[in-house]
Amino acid sequence: MTVGTVRNLRRFSQVSFFGVFCWLVLKTNFEVAISPDTVSEVFLPYPVSIALQFDPLVALTTLLANGTLFKGLLWSLAVLIPTIFLGRFFCGWVCPLGTLNHWISEIRSERISFRGKGKIESNRYKKYQRIKYYIFLFMIAAALFGTLQSGLLDPLPLMARSIGTLVLPTAHAAADGVLGWVKSFGFKPLSGAAQFVYDMFAPFLLNFRQVHFHGIVSIAILFGGIVVTNRVFTRFWCRGLCPLGAMLGIFSRYATFGLQKDEKSCDHCNLCLQSCQGADNPDVGTRWRQTECHVCLNCQAACPQGSLDFKFFPTLEGTRTNPPPNQRVDITKRKTVASLAAGAALFPMLRSGDSFEINADSRLIRPPGSVIEDDFLARCIRCGQCMRVCPNNALHPTLLESGLEGVWTPILIPKVGYCEPSCTLCGQVCPTGAILELTLLEKVGDKETPANRIGTAFFDRGRCLPWAMATRCIVCEEWCPTSPKAVYLKEELVTDRQGKEVRVQRPYIDPDLCTGCGACEFACPVVDQPAVYVTSVGESRSPDNQILLRRKKPTTIPPGETP
Amino acid sequence: MKRREFIKRASQATGLAAVCVGGGWFFHDREWFKYEPPIVHKPDFQIAPDNAYPQISLSRNQDHVLALRDALDAVGGIARFVRAGERVTVKPNVGWDRTAAQAANTSPVLVGEMVRQCLDAGAAEVIVTDVTCNEARRCFLRSGIKEAAEKAGAKVILAVEDDYLVMDLKGRLLTSWPVLRHFVETDRLINMPIVKHHSLSMCTVGMKNLYGILGGRRNQLHQEIDQSIVDLAMFSRPTLTVVDATRVLMRGGPQGGSLDDVNIEHSVICATDQVAADARAVEFLGLAAADVAHIVQAEKAGLGLIDYRAAGYKENLG
Ligand code: SF4
Ligand code: SF4
Ligand code: SF4
């Protein structure tokens, strides 16, 4: 096999893995064909979060933070073990964010002028490339103490989150906007053509309806920044910042596959540097850096003299060519210690603030089946799969609702979407067990089993129509899905300002029955700030965030008996 | 500066200034896009009355398909309501993410049979749709209606934003409101409600089921629920109302959830008179139509007769 063939293989691999990754995110969606007679529960037909379970950084940091290698995370060894032997092949061949960066870096445009000398210089190994190791070490130390922050920057969760909550909803709004604009001309053939194109792509690219996410701009800033910096430095993110790249770099310390340079035939044309992705110094005369190399093989293919050769067990002399003998992972001891110390200090710092439990946001409603908050923060990698899959658009990335510690973890915002009683999808897709998978019975409960509770609803009597405005309503009662309904009504005769008597039914909450699903808040006609609202108090997952000393389990109560 | 260049640059600048002034002048105080409300015919799908048939029939049978067929035949058979080549929209109640047994949605068996009837009568297309309360995909799936209707040959439509027309309902209360296109752009409308308890309107049957043709913030309608139901019934007049009383939700409506709240009645009502249909159906809930405000108001508005026996009533209790 010539190096050209191998390089084409790499391109094929990049396209395929990118495609598979995007496809999995697209399929993280309520889109199933079941027959309700045979199955009562809705299950997703594909293991849509599997790609995230192949991520060694997810595996390592969640293992450190919560002490378990959850479910499919053992798959990550399928990436880690080959890395030990082959180097960072994942970065060059598999990683979807790496592939995206690769493409964005290489699209020719005005940057065509940025070739030759300038590009050669920018593709030499630079000191800034150490930053990623410090980020990685910082994340590791933080995880060890129990706060999982790696998901913010880990490329796989980052990609899943950005595609699911940012790219696809934006594309949806854009497509609808363009379609509406074209149709507004009122020219039939044009509208028809536009509709045809729309209908061709919409079913598999766009959600069933436009979703709206909280905190989307913050996600856009990070994602946009990563994409744009590629235009200044090739794969700046992969070279300088990516904590997964750093981890794989460290694990390729003893790789048996590497670049062998032939000093004699090289005529120093520097074409290898022109096309280098990792900035690992493939040129003869400098020390090649295994830990930076993405194994893209561009240098070998570019070399007109055949001086570069990737092979198993390259001779040490052959990989180095005039190396100053120093460590392969280029980090200094002091900064290593400093990063670890900073990571370790992060946890007590965050927890000494007030946003964790002591003054937690009352609207911090976690998805049903979520584990208790400190374990949750040790598990959630902010991949946004739960937000993407939620058919009601109920789950959103937080901004500061769970403090800086929990940025982009899921929060349920009932005003946008409530939690469907018969749904258990978010627990099905969570790759790390931050949201445990509930059975339908565990979710809704029955006479023996308590239902899962995510909060409790309260009335704002100053805003509720029957309470404050002598007007009939009961929409919250109509929507309340528990049986019997947690919202109950009492008929009262009230007089309005003119003294006219009006018979209204005033709503009350029975805390024993309320599961906090938020359907009432969602449906309340007082739309801007609903007159009934859910707060997290009473959530099943927490023994402390409770109201009543003797609150009964939320179970279905036989009719006739008063709850 | 050469003269030629002077002229060139001066005229460029002047030209740009002229475009700005002209543009400002043109757009000033003028509507650029004008919203033209689409023209649609008034959704009155009723057929001419025929004294040979009763206005309403009820049939009871363990086999719900037979119950429907029998009730339908009593009011003249499908051929009276659907002609060859017509487009028919069937509107079951698919409001909630509940199973058929929980009696919050119309029975899929009846919907399937109704679709088959229409197609047998030569309908060009049968559309089954509803504006659901819970998430549309879940409602259509779990209710079993998507599966049953598609098997029978209907086109099931889950409404998206583009599918609504803002229409003047010309009601006392309801004026401009978004209406799902498929309920007005069709030749025949068959309303297929289920009989349920409701805390405010006391019952949900045929006329209340028409809430489901509306989009927008229909939760506001509850403030004047009786008048808005009557307004809707004045606006949208189905060809036929087929009431599913095979299971009746006695408490906890309109969503239900507990099987303990469901009574099994094995009955189907077919009616050309909306008021009569509702009046007969509420008896399953233990109510008298005269006590249900919106039915009384509907009769006053001339929509039909509460005294359904006077309207011509045929009953087959099997
Ligand atoms: S809770 Fe949501 S965002 Fe967090 S790891 Fe699970 S699926 Fe991903
Ligand atoms: S939050 Fe509720 S509705 Fe949304 S995915 Fe989770 S279980 Fe389903
Ligand atoms: S839906 Fe809102 S306004 Fe209506 S009764 Fe309930 S809380 Fe009050």
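Residues numbered from 1 in each chain as written. Chains lettered and ligands numbered in written order. Predicted model: local features only at pLDDT ≥ 70, side-chain atom pairs only at ≥ 80, totals over all residues. Heavy atoms only, no water.

1. As for the packing of aromatic side chains
How two aromatic rings sit relative to each other is set out by the distance from centre to centre and by the angle between their planes. Residue and element names in this part refer to chain A. The final tally for this structure, using the stated rule, is 20 aromatic pairs over all chains. Ring geometry for Trp 23 and Tyr 46: centres 4.8 Å apart, planes at 65°, overall edge-to-face. You can see Trp 23 sitting in helix 1 (residues 3-27) and its partner Tyr 46 sitting in the loop between helix 1 and helix 2 (50-53), a full 23 residues away along the chain. Tyr 46 gets classed as partly exposed once you look at its relative accessible area, which sits at 38%. Note on Trp 479 and Phe 522: the rings are 5.7 Å apart at their centroids and 55° apart in plane angle, and the pair reads as tilted. With Trp 479 in helix 23 (residues 475-479) and Phe 522 in helix 24 (residues 519-523), the pair connects residues that are 43 residues apart, well separated along the chain. By relative accessible area, which is 5% here, Trp 479 ends up buried. For Phe 522, a relative accessible area of 31% gives the class partly exposed. A cation over an aromatic ring shows up here: Arg 289 above the ring of Tyr 125, its NZ or CZ 3.9 Å from the ring centre. Positioned above the aromatic ring of Tyr 508 is the side chain of Lys 490, whose terminal nitrogen or guanidinium carbon lies 4.9 Å from the ring centre. (Phe/Tyr/Trp six-rings, centres within 6.5 Å; stacked < 30°, edge-to-face > 60°. Helix = DSSP H or I, 4+ residues; strand = E, 2+ residues; numbered from the N terminus. Buried < 20%, exposed > 50% of the residue type's maximum accessible area, 1.4 Å probe, protein only. Lys NZ or Arg CZ within 6 Å of the ring centre and 35° of its normal.)

2. Remarks on the confidence of the model for chain A
Per-chain confidence: chain A averages 89 in pLDDT, with 93% of residues scoring 70 or above. Of the regions scoring below 50 in pLDDT, residues 556-563 of chain A engages in 15 contacts with residues more than four places distant in sequence or in other chains. (pLDDT = per-residue confidence, 0-100. Contact = heavy atoms within 4.5 Å.)

3. Re the site of ligand 2
Near ligand 2, the surroundings consist of Pro 368, Cys 390, Pro 391, Leu 395, Leu 412, Cys 419, Glu 420, Cys 423, Cys 426 and Lys 443 of chain A. Considering only residue class, the shell around ligand 2 consists of eight nonpolar, no polar and two charged. (Near = heavy atom within 4 Å. Nonpolar A, V, L, I, M, F, W, Y, C, P; charged D, E, K, R; others polar.)

4. Details of the site of ligand 3
All names here are of chain A. Close contacts around ligand 3 come from 14 residues, with Phe 459, Cys 464, Cys 473, Cys 476 and Cys 524 the closest. Only helix 22 (465-468) and helix 23 provide two or more residues apiece to the shell around ligand 3. In terms of residue class, the shell around ligand 3 is built from 14 nonpolar, no polar and no charged.

5. Quick word on a nonpolar patch on the surface
Where nonpolar side chains cluster on the molecular surface, the patch consists of Leu 63, Leu 69, Leu 74, Leu 77, Ile 81 and Phe 85 of chain A and spans about 520 Å² of accessible area. Judged by its relative accessible area of 37%, Leu 69 of chain A is partly exposed. (Patch = residues over 30% accessible without salt bridge, like charges linked within 9 Å, V, L, I, M, F, W, Y side chains within 5 Å. Areas by Shrake-Rupley, 256 points an atom, 1.4 Å probe, with all protein chains shown as cover. Salt bridge = Lys/Arg side-chain N within 4 Å of Asp/Glu carboxyl O.)

6. Points about the interface of chain B and chain A
On the side of chain A, 40 residues touch chain B, which itself brings 38 residues to the contact. Counting the surface lost from both chain B and chain A, the interface buries some 3,300 Å², and carbon and sulfur atoms represent 52% of this. Of all residues in chain B, Arg 137, Arg 138 and Leu 141 of chain B give up the largest surface area on contact with chain A, accounting jointly for 22% of the area buried on that side. The salt bridge involving Asp 260 of chain B is made with Lys 447 of chain A; its shortest N-O contact spans 3.7 Å. Between the two partners, chain B and chain A, sit 16 residue pairs in polar contact (both at pLDDT 80 or more). Of all the secondary structure elements, the ones that give two or more residues to the side of chain B that touches chain A are helix 4 (136-142) and helix 7 (225-235) of chain B. With five residues, helix 4 of chain B is the single largest residue contributor to the side of chain B that touches chain A. When grouped by side-chain class, the residues that make up the side of chain B that touches chain A number 11 nonpolar, 14 polar and 13 charged. (Buried area = accessible area lost by both parts, 1.4 Å probe. Polar contact = N/O pair within 3.5 Å; in protein donor to acceptor, adjacent residues only side chain to side chain.)

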